[in-house]
Amino acid sequence: MKGKKKYYILGLLAALLLAGAVVAYLFYRQLNAPLLSIKNTHYLYIDSDDSADSVFSKLQPVSAELGMKGLRRLADYYDYGQHLRTGRYAIEPGQKALDVFRELRNGQQKPVMLTVPEVRTMDRMAAKLSRKLMLDSATIAQALYDQDYCQRLGYDTTTIACLFVPNTYEVWWNTSLDALMERLCKEHDSFWDGQRRKLAEAQGLTPNEVVTLASIIDEETANNGEKPMIAGMYLNRLRQGMLLQADPTVKYALHDFSLRRILNRHLEVESPYNTYKYAGLMPGPIRVPSVQAIEAVLHPAAHDFLYMCAKEDFSGTHNFARTLREHNENARRYQQALNRMGIK
C-alpha cells in the first residue's frame, strides 16, 4: 500500500506540474501574442473619463483574440483600472500584448503634431486646437476670452491672437491648458528672436503691431508674392498719418466676413476697428495671420504707392496707385466688374 500511495502522490505531482506548465505556456503565449489584428499602426486615445473596460472596448475592433486575452489578464493582475494614464498611444503591428501593457501602464504615449491654424476668431482657434488635443473647445475658448487669463500671458482679449504663431509643434495629446499656453508662449518668444524684433523696430512697430498689420494683409490677399507690396503700401499710409481705410477691418467691425462689396453705409459702423474712421492700427489683429504676412511686414516692398484696389479680373491681386485720381480710376473699373457680376 505504501508503494502505491507513493506512486499516487508522484503521479499527482507530475499531473499538477504538467497542468501548471500548460497554464504557464498558455499565459506566455497570450502575453507574447500580437495585440493587433490589423497591419497598420493604431492610435489609442485614453482620456480622463475612460475606465479599463472602455479602453478594452476601444481596442476590441482592432485586436487579436489571443493578444487581447493577455492584455486583460495583465490588467486584472496589476489592477490597471486604478492606474489609468491618459494619453495618445501608438500600437504597432506585431507588438506584443505585454509590451503594449507596459506602455499603457507607464504612460509612454506618442506626441501629436499640432498645427496652430490661421483663423479669424478665438472660437475657431479653440475648435481647431481641440480636434488634436484632449482639451475640449469650451475650455480653450473660455480662457482666450477671459481678460484675467489673457493678462497672465502678457496680452488682453484684443491682442491674444498675437500669441499664436501658425507653425507646427510636437505636443502631448493630454497636455493641460496651462502647459499648452506656456509652450505657445515659448514658441512665440523663440519666433520673435532678436533679429525679427530689430526688423520690427526698423519699421517703427512692436511685434504685436506687426501681427496686427499682417492680419489685414492676409485678409486682403492669399497671394504670398503680393503681400510685401501691400505691406509697403500700408506702411506708407501709416507714416504719412493717413487712414488705413482697409476694407477687412470694416468687415471685422461688422462681424461679417462674407461681405463682397463694402458700401458707404458700412463705413459708418462705430468701432475702433473701423480704419475708415480711426487713424493708425486697430486695437489688435482681426485674425491670426500667416508667417508669410508677418514676414511681408518685416520685409516690405519699397515703393511710393498709397492706394490699392482689387483687380477687375477677380484674380485676388490688386492695382496699386500713387495718387487718388489713379486710385479712383482703378476703383471705377472694379465697381463696374462687380456690377456686371451682379455682386451687391
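Residues numbered from 1 in each chain as written. Predicted model: local features only at pLDDT ≥ 70, side-chain atom pairs only at ≥ 80, totals over all residues. Heavy atoms only, no water.

J.: Honestly, the environment of S190 in this entry has me stumped. Any pointers?
T.: Residue placement: S190 occurs in helix α8 (residues 177-191). Since its relative accessible area comes to 49%, S190 is described here as partly exposed. Spatially, the C-alpha atom of S190 lies 15 Å from that of N208, the residues being 18 residues apart in sequence. (Helix = DSSP H or I, 4+ residues; strand = E, 2+ residues; numbered from the N terminus. Buried < 20%, exposed > 50% of the residue type's maximum accessible area, 1.4 Å probe, protein only.)

J.: Even after reading the chapter, I still don't get the packing of helix α5 (residues 122-130) against helix α6 (residues 137-144), so can you show me in this structure?
T.: The description of two packed helices rests on the angle between their axes and on the distance between the axes. At a closest axis distance of 8 Å, the pairing of α5 and α6 adopts a crossing angle of 145 degrees. Here α5 runs over α6; the crossing is right-handed. The residues of α6 that touch α5, namely those facing M122, D123, M125, A126, A127, L129 and S130, are S137, I140, A141 and L144. For the contact of α5 with α6, the class distribution of residues is eight nonpolar, two polar and one charged. (Axes fitted to C-alpha atoms, helices over the stretch in contact; angles between N-to-C directions. Left-handed = near helix turned anticlockwise from the far one by under 90°. Contact = heavy atoms within 4.5 Å. Nonpolar A, V, L, I, M, F, W, Y, C, P; charged D, E, K, R; others polar.)

J.: Just to check I follow, could you spell out unusual backbone geometry for this structure?
T.: Negative phi values dominate among residues other than glycine, just as trans dominates among peptide bonds. Even without being glycine, Q245 reaches a positive phi, approximately 50 degrees. Locating Q245 in the fold gives a position in the loop between α11 (227-239) and α12 (247-254). Backbone geometry at F314 places phi at a positive 60 degrees, although glycine is not the residue there. Within the fold, F314 resides in the loop between β5 (307-310) and β6 (318-321). With a relative accessible area of 34%, F314 lands in the partly exposed category.

J.: Help me out: how do you make sense of the packing of helix α10 (residues 207-220) against helix α13 (residues 291-298) in this one?
T.: The contact between α10 and α13 brings their axes to 8 Å, and the two run at 115 degrees. Crossing handedness for the pair α10 and α13: right-handed. Along the contact surface, α10 presents V210, V211, L213, A214, I217 and D218, while α13 presents A293, I294, V297 and L298. Taken together, the residues of the contact of α10 with α13 break down into nine nonpolar, no polar and one charged.

J.: Would you mind showing me how to read the pairing of strand β4 (residues 168-171) here?
T.: Look at any regular strand and the pattern is simple: side chains alternate between the two faces of the sheet. Of the two faces of β4, the one holding Y169 and V171 is buried and the one holding T168 and E170 is not buried anywhere. Bridge count between strand β3 (residues 112-115) and β4: four bridges; the pairing is antiparallel. Across the sheet, the residue bridging to T115 is T168, located in β4. (Pairing = 2+ DSSP bridges.)

J.: How should the packing of aromatic side chains be read in this particular structure?
T.: Given two aromatic rings, their pairing is described by the distance between the two centres and the angle made by the two planes. As enumerated under the stated definition, the model contains nine aromatic pairs in all. Taken together, the ring pairs in this structure connect Y77, Y78, Y80 and F101 into an aromatic cluster. Positioned above the aromatic ring of Y43 is the side chain of R88, whose terminal nitrogen or guanidinium carbon lies 4.0 Å from the ring centre. Between R196 and the ring centre of F191, over which it is positioned, the NZ or CZ distance is 3.8 Å. (Phe/Tyr/Trp six-rings, centres within 6.5 Å; stacked < 30°, edge-to-face > 60°. Lys NZ or Arg CZ within 6 Å of the ring centre and 35° of its normal.)

J.: Any chance you could explain the side chain of N330 here in plain terms?
T.: Turning to its location among the elements, N330 is positioned in helix α14 (residues 324-341). For N330, a relative accessible area of 8% translates into the label buried. If we ignore the near neighbours within four places in the chain, the residues touching N330 are C309, N319, F320 and A321.

J.: I'm lost on the pattern of salt bridges in this one. Help?
T.: Side chains carrying opposite charge are able to pair once their charged atoms draw close together. Inspection of every chain in the model, using the stated rule, returns 14 salt bridges. For E295, the salt bridge is made with R196, and the minimal N-O distance between the two is 2.9 Å. With E295 in helix α13 and R196 in helix α9 (residues 194-202), this pair connects stretches of sequence that are 99 residues apart. The exposure class of E295 is partly exposed, given its relative accessible area of 21%. Its salt-bridge partner being E219, residue R287 comes within 2.6 Å of it at the nearest N-O pair. In this pair, R287 is assigned in the loop between α12 and α13 and E219 in helix α10, connecting sequence segments 68 residues apart. You'll find R287 and E219 in the same group, each marked buried. One connected set of salt bridges, linked through shared partners, spans E312, E329, R332 and R333. (Salt bridge = Lys/Arg side-chain N within 4 Å of Asp/Glu carboxyl O.)

J.: Got a minute to help me understand the environment of D76 in this structure?
T.: Looking at the element boundaries, D76 is found in helix α3 (residues 65-77). Judged by its relative accessible area of 64%, D76 falls in the exposed class. Between the C-alpha atoms of D76 and A52, which are 24 residues apart in sequence, the distance is 9.4 Å.

J.: Can you help me understand the state of the cysteines in this one?
T.: When the sulfur atoms of two cysteines share a covalent bond, that bond is a disulfide. Summed over all chains, the structure comprises zero disulfides. The thiol of C150 is unpaired, and the distance to the nearest cysteine sulfur, on C185, comes to 10 Å. Residue class for C150 comes out buried when judged on its relative accessible area of 0%. (Disulfide = S-S within 2.5 Å.)

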